[in-house]
Amino acid sequence: MTALLAFTLSVSLPIVASDADRRFALGVASRNDGAAARVHFARAAELLDELRAAGVRDPRLAMNRARAHRLAGNLPACLAALHDGLDVARHDRELQVELESARDAVEYANADLAAAVRPPPLRGLGTRMSVLELYLVAGGLWLAACLGAARYAMTRVPGWLVAAGASLALLAILAGAWRSDRARIDAENARPLRILERDCPLKAGNGDSWPDRLKWPLPAGAEVRELARRGGWVQVELANGTAGWLPERTLRATP
Amino acid sequence: MSVMRIVAAALAVVVLAGQPALFEPPQGYYKARGPRVIATWSVDRVTLPEDASLVATLAIEGATNPTEIVRPDLANMREFADRFQIEPLPTASPGVFVWRLKPRNATVDRLPSLDFFYDSGVKVGNPFKNARVKGIDLVVTAVEKPAAAPIPLLAPERLFAYDSSPMDREPFEAGTPAWLGLFAFGLLVAGGWLLAWRRLYPDGAKLAKLRRNRAMRRATDALRRADSAAAVAAAAIGYIRSRCPLSPGRETPAEVGEALRLAGIDEADATEAFLRRCDAARFSASSDTPMSLAEAARDLLAKLEAAA
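Residues numbered from 1 in each chain as written. Chains lettered and ligands numbered in written order. Predicted model: local features only at pLDDT ≥ 70, side-chain atom pairs only at ≥ 80, totals over all residues. Heavy atoms only, no water.

### Description of empty space enclosed by the protein
All names here are of chain A.
Logical step 1: Summed over all chains, the structure comprises one cavity of 30 Å³ or more.
Logical step 2: In this structure, the largest cavity encloses a volume near 40 Å³.
Logical step 3: In terms of lining, the largest cavity is formed by R52, V56, R57, D58, L61, A62, R65, D84, G85 and V88.
Logical step 4: Where the lining of the largest cavity is concerned, the elements lending two or more residues are α3 (59-71) and α4 (75-88). (1 Å grid on protein atoms, 1.4 Å probe; cavity = no way out; pocket = protein on both sides within 12 Å on 5 of 7 lines; lining within 4 Å. Points joined across faces, edges and corners; volume = space filled by probe spheres on them. Helix = DSSP H or I, 4+ residues; strand = E, 2+ residues; numbered from the N terminus.)

Here's what the structure looks like:
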């Protein structure tokens, strides 16, 4: 059964990918007619979402999805696709730039609201270095330490021992930075990211009768962290630490 | 009580007897009079596009007072106002009224009928007769509106870039086996290198001994060929240089002696004394000959070699 499913996917995925390519190309070709182009981009985005749902994790797919959604006018879905891509390739510079660009496109009522809601750019060792790069650098340092020790065993020249120690120290610093980065990411993931799909006021409680927490409504595309759920409402926290409640139906889940 | 009613009824009959009946002018009476008035609609065309207009003419014939007839106010009649935009036009002759009618939409299919009452002048019964103007069927065709000019999709150019290469690049993930493999790889490479080195050079002591033996051999050969005090001294310093680091140019007896003392070699003083003998033989009258100095050098080198 699993083999049959795998075979079916292996046959159908290239077709879906090809159809998505064609739809995106049609959208680009008809960009002078925004309404027609958006229809093509929206269909391309649907097809690309199907590929992601089928298990394709290539960061380039995330970029294509994000662009298709954004050109189709669906900024929240664009942001979700970018976060999806960064979840598997946090170091991807293009995805990081695209995420900041999409965040720029969120229409905050004013600068104060943007400062309160907009998350800071991604940071940490993981945003600068891929797992493969880390693996290779760590491997190089470890190899240098081992070779330095071996050379010291051959020559008894203390300089080789110092070199081996320095390599080990660098390796320890690298491992510490990576571990700290992972711990921060795990702490963030403990509070799932949610993206607002349409403009909505942040309420002080889980109901429409509660007063607004902020003077202005949160715009579509605002990124919030989920704290709790109650009765169809989600308690969320903004980037500046302000907590409030939003209707569950207005929020889009991210990976 | 019933008697009172009967009396009142009889009184009413007596009072109203001989009076003409009262008839109010009905709605749709435009002050036309005549025994037989005929009113008709006419239009300049019955088929027109939605955005065009037609000219409708109401002609009244048979009226005795054509100049007194009032123009019907079509704009206040719902059946007309709902269908048309109405513009009264001036008329040249009495009893004829003209309007320009523009259909409000393509669903308009008829110029409605119009109740047109006139005073027939009869003395008996209702004098107001209805010369109802019969409506006319119309065909209003829809106009194809020109499509609105398309609005281009404005977005940064990079958003239109699309990567259509096969999406088969899975991100690398280093699991525990990969890290253990890396750890083992470093150890294996370093250990392998050390073993190979030891195989090539059985051990460091033997290597050093080999190096020293070669130096002794070279020094002995040099002493055999030495024909001056300077050559003897150079052969001795060449050997000493292989035993301990001597900076280039530091070859005076005092400098060599100091270097040997720093290296912890017991024969430092004897070496310094020997080199002074060589210098004395070179630069002053001395009883030492190159041969005697070479012999002394061999003794000194043997002591140094034994002390290694």
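Additional details are given in the paragraphs that follow.
### Overview of the pattern of salt bridges
When the charged atoms of two side chains lie near each other, side chains of opposite charge can form a pair.
All names here are of chain A.
Logical step 1: Within the structure shown, the criterion is met by 37 salt bridges over all chains.
Logical step 2: Between R65 and D49 there is a salt bridge whose closest N-O contact spans 2.8 Å. Pair noted here: R65 is in helix α3 and D49 is in helix α2 (residues 34-53), with a separation of 16 residues, a long-range link.
Logical step 3: Residue R65 is classed as buried on the basis of its relative accessible area of 10%.
Logical step 4: Of the residues examined, D49 reaches a relative accessible area of 23% and is grouped as partly exposed.
Logical step 5: Close ionic contact of R184 with E188 constitutes a salt bridge, the shortest N to O distance being 3.6 Å. Note that R184 and E188 are positioned in helix α8 (residues 158-189) at a spacing of four residues, about one turn of the helix.
Logical step 6: Here R184 falls in the partly exposed class, since its relative accessible area comes to 23%. (Salt bridge = Lys/Arg side-chain N within 4 Å of Asp/Glu carboxyl O. Buried < 20%, exposed > 50% of the residue type's maximum accessible area, 1.4 Å probe, protein only.)

### Here's the deal with the interface of chain B and chain A
Logical step 1: The partner chain A presents 41 residues to the 36 residues of chain B that form the contact.
Logical step 2: Taking both sides of the interface into account, the surface hidden between chain B and chain A amounts to around 3700 Å²; carbon and sulfur atoms contribute 64%.
Logical step 3: Across the chain B-chain A interface, the total number found is three salt bridges.
Logical step 4: Partitioned by chemical class, the residues of the side of chain B that touches chain A number 25 nonpolar, three polar and eight charged. (Contact = heavy atoms within 4.5 Å. Buried area = accessible area lost by both parts, 1.4 Å probe. Nonpolar A, V, L, I, M, F, W, Y, C, P; charged D, E, K, R; others polar.)

### Here we look at helix α7 (residues 268-283) of chain B
Residue and element names in this part refer to chain B.
Logical step 1: Look at α7: 23 Å from first C-alpha to last across 16 residues, which is about the 22 Å you get at 1.5 Å a residue.
Logical step 2: Buried within α7 are the following residues: A268, T271, E272, F274, L275 and C278. Down the axis of α7, the sector holding all buried residues measures 160°, keeping them to one side.
Logical step 3: Its buried side turned inward, α7 meets α5 (229-243), α6 (253-262) and α8 (290-307). (Expected span 1.5 Å × (residues − 1). Arc of directions from axis to C-beta.)

### Overview of a nonpolar patch on the surface
Logical step 1: A cluster of nonpolar residues, L132(A), L136(A) and F172(B), forms a patch on the protein surface that exposes about 270 Å² of accessible area.
Logical step 2: For F172(B), the position within the fold is in the loop between β11 (139-141) and α3 (176-200). (Patch = residues over 30% accessible without salt bridge, like charges linked within 9 Å, V, L, I, M, F, W, Y side chains within 5 Å. Areas by Shrake-Rupley, 256 points an atom, 1.4 Å probe, with all protein chains shown as cover.)

### Details of the layout of surface pockets
Logical step 1: Computed from the structure, the largest pocket encloses a volume of approximately 1200 Å³.
Logical step 2: Lining the largest pocket are 48 residues; nearest its centre among them are L86(A), D87(A), R90(A), R182(A) and I185(A).
Logical step 3: Put simply, the parts of the chain that give the lining of the largest pocket at least two residues each are α4, α5 (93-105), α7 (131-155), α8, β1 (193-196) and β2 (223-230) of chain A.
Logical step 4: Broken down by element, the lining of the largest pocket gets its largest block of residues, seven residues, from α8(A).
Logical step 5: Here the residues of the lining of the largest pocket sort into 24 nonpolar, six polar and 18 charged.
Logical step 6: Taken as a whole, the second largest pocket encloses approximately 230 Å³ of empty space.
Logical step 7: If you trace the second largest pocket, you find 15 residues lining it, with L13(A), P14(A), A17(A), P166(B) and M167(B) closest to the centre.
Logical step 8: When residues in the lining of the second largest pocket are grouped by element, the largest group, four residues, is from helix α1 (residues 2-29) of chain A.
Logical step 9: Partitioned by chemical class, the residues of the lining of the second largest pocket number ten nonpolar, three polar and two charged.

### Observations concerning the packing of aromatic side chains
Working definition: an aromatic ring pair is given by the centre-to-centre distance plus the angle between the planes.
Residues and elements named next belong to chain B.
Logical step 1: According to the stated counting rule, one finds eleven aromatic pairs over all chains in the structure shown.
Logical step 2: With 5.7 Å between their ring centres and 65° between their planes, W41 and W99 make a pair best called edge-to-face. Here the residue W41 occupies a position in strand β2 (residues 38-43), and W99 occupies one in strand β6 (residues 96-103), the gap between them amounting to 58 residues. Accessibility classification places W41 together with W99 in one group, the buried group. (Phe/Tyr/Trp six-rings, centres within 6.5 Å; stacked < 30°, edge-to-face > 60°.)

### Quick look at the sheet that holds strand β5 (residues 84-89) of chain B
All names here are of chain B.
Logical step 1: Pairing is antiparallel across the open sheet formed by four strands, whose spatial order is β2-β4-β6-β5. Every other strand in the sheet has two partners, leaving β2 and β5 as the edge strands with one partner each. Neighbour-to-neighbour, the strand axes of the sheet open up by a mean angle of 25°, direction not taken into account.
Logical step 2: Bridging between β2 and strand β4 (residues 54-61) involves six bridges; their strand directions are antiparallel. Counted as the bridge partner of I38 is E61 from β4. (Pairing = 2+ DSSP bridges. Axes fitted to C-alpha atoms, helices over the stretch in contact; angles between N-to-C directions.)

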